[in-house]
Amino acid sequence: MLNSNETILERLNPAQRDAVTTTRGPLLVLAGPGSGKTRVITHRIAYLLGPGGVPASAILAVTFTKKAAHEMVERLQTLVLGQSRHLLIGTFHSICSRILRQDGEAIGVARTFTIADEDDQERIVRRVIKDLNWDEKRNPPGAFLSRISAAKSHLIGPDEFRRAADSYADELAAVVYQHYQEELGKADLLDFDDLIMRTVHLFQERSDVLAKYQERYQHILVDEFQDTNLTQYALIRLLGQRYRNVCVVGDEDQSVYSWRQADIRNILNFENDFPDARVVVLEQNYRSTQTILWTAREIITPNRQRKDKRLFTENDRGERIFVFEGYDENEEAQYVATQIERLLASGTVHYRDVAVMYRTNSQSRVLEKTFLRHRLPHKVVGMRFYERKEIRDLLAYLRLCYNPNDLTSLERIINVPARDIGAKSIADLQLWAARAGRTVPEAIRALALDEELGVPCPLSKRARTNVAEFGRLLMTLQAASHELVVGRLIEKIASLTGYQEFLRDGSQEGESRWENVRELMTVADEFSAYDAPTSLASFLEDVALAADADEYDSSADAVTLITLHAAKGLEFDVVFIVGLEEGLCPHNRSIESNDLSQLEEERRLLYVGVTRARRRLFLTYASRRTQFGTVMPRQPSRFFKDVPRELVFGTARAVQAPGRRHGWTDPGPAGPVTSRSSLPRPLASSSEALRAKPAGTPTRFKPGDRVEHPKFGEGVIVSVEPRGEDAEVTVAFPDLPIKRLLASYANLRLL
DNA sequence: AAAGCGTTTATTTTT
DNA sequence: TAAACGCTTT
């Protein structure tokens, strides 16, 4: 019944149905925002399992974020019941990590490898530069790391990189790349890019291993295909080339990760590599109002690097777009908070239905400050839990339990909490290990067990005692890691190492840091509850591959503060996009690059933000903003020129300037978008507030009127108070406390 | 080894 | 602005 044809194909439009039922051969689905992309993917899997007769174990679905993977699993559970358990749905990184854990030894990847995160990468490059005796100031690690990452994303190893180096900068990078890989190797570490690149190497070098996975995963689906880099695409191509049942879903207009080497050209290459690919375009939007969709269309149309799509919707026209100019970022935040309060007062919106989006994380600060003052419940996505010092310290101990060779983790915690092992002791330790032909962890172990290494130990007596004690501590913890579930292991580490005492120094901050550690234990306990209880390896992997957007939790009733990047894939009734200024969106880095494709990416970013909104969209900017402690005048974003003025409500400067003439002329049905009285009045900016003349809009309501509210039901108007152009109505609903509502927001219907 | 102090520097976006 | 760094002193 559940898997029957009718159930799965019910309520799919023809294009969606096409994408779901084309199960044989390559398929490219170009899916505009809100076009039911996830629905297509999940229904396609259900269709494969049911009418297609494909066993769950033969299906591989790849996503970019864990959250997307989770959502897919969840939606599938109701669709196909128990079968979803045998599907492999995961991120590129988690899937590759799994493959390497299983078969990586064939190309020399240690079975107990751990994953190096950004912080580790930076430490390693720092160490390399230091060992090379290069000037640490003139050689910032970030620049090298991005070159290395770019190389790996193009499947270029250190040797090939050196051969291709045609600039001094590249030659330096080649040297760093070489050493960096050696350091990773010594510590049994793989960085994010290695996970993918090494898997491709494995498949290239071992046809038997490749054949095994090709046979296993006869049906492959890739979500957010526009975000794949060359290496990721190579992986998919290798896996899929035998059975050719490869379905990729993407939208080049939502490609915002080119800086991470994502390459839209993969979409074009797909059609070259699989010339028989069927192409399905999903153009009907089910998410947004016409007004929002039209605005989005106008914003994206100027881009040259795109296929023209004809997005349309059968939804209502909806409210006009609100544009607001703030005096500065404080007033801008103030406006956002006030508008949210108004929306809440209407009773038709919950906090969780509202998101505030911005270009850079640093913009969240002023919003948070303002929201705290307004007591608006909110959650900042991207306050990265796993980047907090105390968490990373504890994780370093955990990683050392699993992979004793993890030098980066060792370096991190050898003197945290302080045990008098300073830079000198560490240098001596390295020297000693090098002379004896051993690794640093081995040298520590030797000290702990009072063993000789055959060469004199340069450490002072005191240092030797300290290191030996530390070594024994580590060995105790390593032994414990085989006995305890992860949560209890963390507890043991915190107490045995003295980390708990070290954190809880009596300060408020110390307590809150300790709270974070407790939170980590909870995460671990939750993890153990559904995974193998003692699996330290999979916990570490889970944590290492956790991303910001994964934190987004729709269950809590709070306003979401989120970057435009992290907002991709989400949707909200009400969206505020703030800081729409030259220099911020588009960002200075893109303006200065002189690279038009970078500006196109900025445009896509705004497009992504706009298309997150279901019902209402607010676009704001400030006329001055404090950056690096100094106030700078700001200009509204150039993208405002493409926001159709007839769709805008507001008096902000940005939309009064003559707009670009755009091709869209459809005035829609005669009459205003919505009756004026039902439009909320946007706050005027302070300068305009002085000039603004209240229009004195009369309200439609009078005391005694019977009205209907979408949420509270039928009620009777008690009183009506003018509020500028608006009116505050007091309404009595049976069995409910008396409500005071703003006429413009409340959506009351006269009975 | 660690704490204190003055100076500087930086903010895209993140699997 | 505020985190990070390098220099000094204890």
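Residues numbered from 1 in each chain as written. Chains lettered and ligands numbered in written order. Predicted model: local features only at pLDDT ≥ 70, side-chain atom pairs only at ≥ 80, totals over all residues. Heavy atoms only, no water.

(A) Just the protein's contact with DNA strand C, in detail. Around DNA strand C lies a shell formed by Arg 126, Arg 365, Phe 628 and Gly 629. Class assignment for the residues of the surface near DNA strand C results in one nonpolar, one polar and two charged. (Near = heavy atom within 4 Å. Nonpolar A, V, L, I, M, F, W, Y, C, P; charged D, E, K, R; others polar.)

(B) Inspection of the layout of surface pockets at higher detail. What the second largest pocket holds in volume is close to 530 Å³. Lining the second largest pocket are 19 residues, with Thr 360, Ser 362, Thr 626, Gln 627 and Phe 628 positioned closest to its centre. Among the elements of the structure, helix H15 (329-345), helix H16 (364-373), helix H27 (588-592) and strand S17 (624-627) are those that each provide at least two residues to the lining of the second largest pocket. Its residues placed into classes, the lining of the second largest pocket shows three nonpolar, nine polar and seven charged. (1 Å grid on protein atoms, 1.4 Å probe; cavity = no way out; pocket = protein on both sides within 12 Å on 5 of 7 lines; lining within 4 Å. Points joined across faces, edges and corners; volume = space filled by probe spheres on them. Helix = DSSP H or I, 4+ residues; strand = E, 2+ residues; numbered from the N terminus.)

(C) Molecular detail of the pairing of strand S7 (residues 246-250). Across the five residues that make up S7, a large majority, five, are buried. The alternating pattern of S7 places Val 246, Val 248 and Gly 250 on one face and Cys 247 and Val 249 on the opposite face, and all of these are buried. Relative to S7, strand S1 (residues 27-31) is paired through four bridges, and the arrangement is parallel. Bridge assignment links Leu 30 to a residue of S7, and that residue is Gly 250. Here strand S6 (residues 219-222) runs beside S7; their pairing, made up of three bridges, is parallel. If you follow Ile 220 over to S7, its bridge partner there is Val 246. (Buried < 20%, exposed > 50% of the residue type's maximum accessible area, 1.4 Å probe, protein only. Pairing = 2+ DSSP bridges.)

(D) Main features of the packing of aromatic side chains. By the definition in use, this model includes 17 aromatic pairs. Ring plane angle 45° and centroid distance 5.5 Å describe the contact between Phe 322 and Phe 649, whose orientation is recorded as tilted. Linking Phe 322 in strand S11 (residues 321-326) with Phe 649 in strand S19 (residues 648-649), this pair joins segments that are 327 residues apart in sequence. When sorted by exposure, Phe 322 lands in the same class as Phe 649, which is buried. (Phe/Tyr/Trp six-rings, centres within 6.5 Å; stacked < 30°, edge-to-face > 60°.)

(E) The arrangement of the sheet that holds S1 in detail. With parallel pairing, six strands are arranged side by side in an open sheet as S3-S2-S6-S7-S1-S8. Either end of the sheet is taken by a strand with one partner, and the two such strands are strand S3 (88-91) and strand S8 (278-282). This sheet shows a mean twist of 15° between the axes of neighbouring strands, independent of strand direction. Running over the sheet, helix H2 (residues 14-21) touches S1 and S8 and is turned about 145° from S8. In the packing of helix H4 (residues 66-80) onto the sheet, the strands contacted are strand S2 (59-63) and S3, and the crossing angle to S3 comes to about 160°. (Axes fitted to C-alpha atoms, helices over the stretch in contact; angles between N-to-C directions. Contact = heavy atoms within 4.5 Å.)

(F) Representation of the environment of Thr 611 in the model. Within the secondary structure, Thr 611 is located in the loop between helix H28 (596-610) and strand S16 (613-622). Sequence separation between Thr 611 and Ala 355 is 256 residues, and the spatial gap between their C-alpha atoms is 12 Å. Not counting chain neighbours up to four residues away, the residues in contact with Thr 611 comprise Pro 33, Arg 287, Ser 288 and Ala 296. Side-chain polar atoms of Thr 611 contact the backbone oxygen of Val 608, separated by 3.0 Å. (Polar contact = N/O pair within 3.5 Å; in protein donor to acceptor, adjacent residues only side chain to side chain.)

(G) Expanded view of the side chain of Arg 603. Counting through the fold element by element, Arg 603 comes out in helix H28. Among the polar contacts made by the side chain of Arg 603, one reaches the main-chain carbonyl oxygen of Ile 299 at a distance of 2.8 Å. If sequence neighbours within four positions are ignored, Arg 603 has contacts with Ile 299, Pro 302, Asn 303, Phe 639 and Asp 642.

(H) Focus on unusual backbone geometry. Residues Val 416 and Pro 417 are joined by a peptide bond in cis, for which omega reads -5°. Along the chain, Pro 417 falls in the loop between helix H18 (407-413) and helix H19 (423-436). The omega torsion of the bond from Cys 585 to Pro 586 falls at 10°, within 30 degrees of zero and hence cis. Although it is not a glycine, Arg 244 adopts a positive phi angle of roughly 60°. Positive phi outside glycine occurs at Asp 450, with the angle close to 60°. Among the secondary structure elements, Asp 450 is positioned in the loop between helix H20 (440-448) and helix H21 (461-480).

(I) Region of interest: the environment of Gln 16. Examined against the element boundaries, Gln 16 turns out to sit in helix H2. The exposure class of Gln 16 is buried, given its relative accessible area of 1%. For Gln 16, the contacting residues outside a window of four places in its chain are Arg 11, Ser 35, Gly 36, Arg 39, Val 40, Leu 282 and Tyr 286. There is a polar contact of 3.0 Å between the side chain of Gln 16 and the backbone oxygen of Ser 35.

(J) Quick look at helix H22 (residues 486-496). When we look at burial in H22, the residues that qualify are Val 486, Gly 487, Leu 489, Ile 490, Ile 493 and Ala 494. Axial view of H22: buried residues confined to an arc of 160°, hence all on one face. In the segment just after H22, Gly 498 is the residue with positive phi, at about 80°. (Arc of directions from axis to C-beta.)

(K) Examining the pattern of salt bridges more closely. For the coordinates displayed, the defined rule picks out 55 salt bridges. The salt bridge involving Asp 120 is made with Arg 392; its shortest N-O contact spans 3.9 Å. In this pair, Asp 120 sits in helix H6 (residues 118-131) while Arg 392 sits in helix H17 (residues 389-402), placing the two residues 272 residues apart along the sequence. For the residue pair Asp 120 and Arg 392, the accessibility class agrees, reading buried in each case. A salt bridge links Arg 604 to Glu 601, with the shortest nitrogen-to-oxygen separation between them at 3.1 Å. (Salt bridge = Lys/Arg side-chain N within 4 Å of Asp/Glu carboxyl O.)

(L) The confidence of the model for chain A, seen in detail. Residue-level pLDDT values for chain A average 85, and 89% of them are 70 or greater. Averaged over each element, pLDDT in chain A is lowest for helix H30 (residues 686-691) (31) and highest for helix H11 (residues 207-216) (97). Segment residues 659-696 is flagged for pLDDT under 50; beyond a separation of four residues in sequence, or across chains, it makes 69 contacts in the model. (pLDDT = per-residue confidence, 0-100.)

(M) Spatial organisation of the sheet that holds S16. The seven strands are arranged S13-S14-S12-S15-S16-S11-S19 in an open sheet whose pairing can be described as parallel. If you trace the sheet from one side to the other, it starts and ends with strand S13 (378-380) and S19, each paired once. Here S13 pairs with strand S14 (residues 559-563) via three bridges, running parallel. Note that in S14 the partner of Lys 379 across the bridge is Thr 560. Lying on the sheet, helix H14 (residues 290-300) is in contact with S11 and S16; it crosses S16 at an angle near 50°. Where H15 meets the sheet, it contacts S11, strand S12 (354-358), S14, strand S15 (572-577) and S16, and its direction lies at approximately 155° from that of S16.

(N) View of the packing of H20 against H21. With their axes 7 Å apart at the nearest point, H20 and H21 run at an angle of 100° to one another. Classified by the angle their axes make, H20 and H21 are roughly perpendicular. Residues Ile 444, Arg 445, Leu 447 and Ala 448 of H20 touch H21, and the partners they reach there are Arg 464, Val 467, Ala 468, Phe 470, Gly 471, Arg 472 and Met 475. When its residues are assigned to classes, the contact of H20 with H21 shows seven nonpolar, one polar and three charged. (Parallel < 35°, antiparallel > 145°, perpendicular 65-115°, else oblique.)

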